[in-house]
Amino acid sequence: DYTVRLLRSIGAGCRAEPGLNAWFDGSTQGRRLFHHIQVGIAVDTPDGLLVPVIRDVGNRDAAALRAEVNRLKAGARDRTLPATDLRDFTFMLSNFGVMAGRYATPVVVPPSVAILGAGRISQDVVAVEGRIEAHRRIPLSLTFDHRCVTGGEAVRFLAAVIEDLQKP
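Residues numbered from 1 in each chain as written. Predicted model: local features only at pLDDT ≥ 70, side-chain atom pairs only at ≥ 80, totals over all residues. Heavy atoms only, no water.

Below, the discussion takes up the overall build of the protein chain. The helix and strand inventory of the protein chain stands at three helices and eleven strands. Taken from N to C terminus, the helices and strands of the protein chain fall in the order α-β-β-β-β-β-β-α-β-β-β-β-β-α. Taken against the 2.2 N^0.38 rule, which gives 15 Å for 168 residues, the C-alpha radius of gyration of the protein chain at 16 Å falls within 12% of a compact globule. Across its three principal axes, the protein chain shows a C-alpha extent of roughly 55 × 40 × 30 Å. Counting every position in the protein chain, which comprises 168 residues, the buried fraction comes to 45%. For the protein chain, contacts bridging at least 24 residues in sequence account for 55% of all contacts bridging at least 6. Counting only carbon and sulfur atoms, one obtains 56% of the accessible surface of the protein chain, whose full area is about 9,000 Å². In the protein chain, the 21 positive side-chain charges and the 18 negative ones have mean positions that sit 2 Å from each other. (Helix = DSSP H or I, 4+ residues; strand = E, 2+ residues; numbered from the N terminus. Rg over C-alpha atoms; globule rule 2.2 N^0.38 Å. Buried < 20%, exposed > 50% of the residue type's maximum accessible area, 1.4 Å probe, protein only. Contact = heavy atoms within 4.5 Å. Areas by Shrake-Rupley, 256 points an atom, 1.4 Å probe, with all protein chains shown as cover. Lys, Arg positive; Asp, Glu negative; His and termini not counted. Charge placed at Lys NZ, Arg CZ, Asp CG, Glu CD.)

Further remarks concern the packing of helix α1 (residues 2-16) against helix α3 (residues 151-165). In contact at an axis separation of 8 Å, α1 and α3 are set at 140 degrees when each is read in the N-to-C sense. Taken together, the axes of α1 and α3 are oblique relative to one another. Where α1 crosses over α3, the two elements pack in a sense that is right-handed. Residues R5, L6, R8, S9, I10, A12, G13, C14 and A16 of α1 form the contact with α3, whose own contacting residues are F157, A160, V161, D164 and L165. Of the residues in the contact of α1 with α3, the class split is nine nonpolar, two polar and three charged. (Axes fitted to C-alpha atoms, helices over the stretch in contact; angles between N-to-C directions. Parallel < 35°, antiparallel > 145°, perpendicular 65-115°, else oblique. Left-handed = near helix turned anticlockwise from the far one by under 90°. Nonpolar A, V, L, I, M, F, W, Y, C, P; charged D, E, K, R; others polar.)

Within this structure, the stated rule accounts for twelve salt bridges. A salt bridge links E133 to R131, with the shortest nitrogen-to-oxygen separation between them at 2.7 Å. We note a salt bridge from R147 to D145, for which the minimum N-O separation is 2.6 Å. On the basis of relative accessibility, which here comes to 55%, the residue R147 falls in the exposed class. The class of D145 is buried, set by a relative accessible area of 13%. Salt bridges sharing partners connect three or more residues here, namely R8, D164 and K167. (Salt bridge = Lys/Arg side-chain N within 4 Å of Asp/Glu carboxyl O.)

Okay, structure coming up:
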């Protein structure tokens, strides 16, 4: 279940680098960090894109995350989600790879400061210690607001995401 694995990895990334689980306030040029990880997920519907929010991602198990993803996707597609399910995300996920494409440049939606894009998983040929192996790989694209997130924070976040994705 790639979406759940990506959500879990975002939780790991935000724990490693809390500065990406934040909002930027342009009036004060400041960043507001959040303890709870609220991930907005892009859902393509016949009427356009909706972004429902999965609450408290870092404290939910895989089954609870899957159930919430299913509920939110169904509600987005049939337009029954209350407004409270469509606001106050602190991080975003665009899992565009389920449709097509390997890489993208996801756009950060204020006031959040970062979005992770996940491309289509593929079998890639990889050189490993002088031999060739086929590995399943998922391309990741991280976009962040450089006004309040440093390159170092972004790289450490992405490293934690990748490390978590490599776990079973």
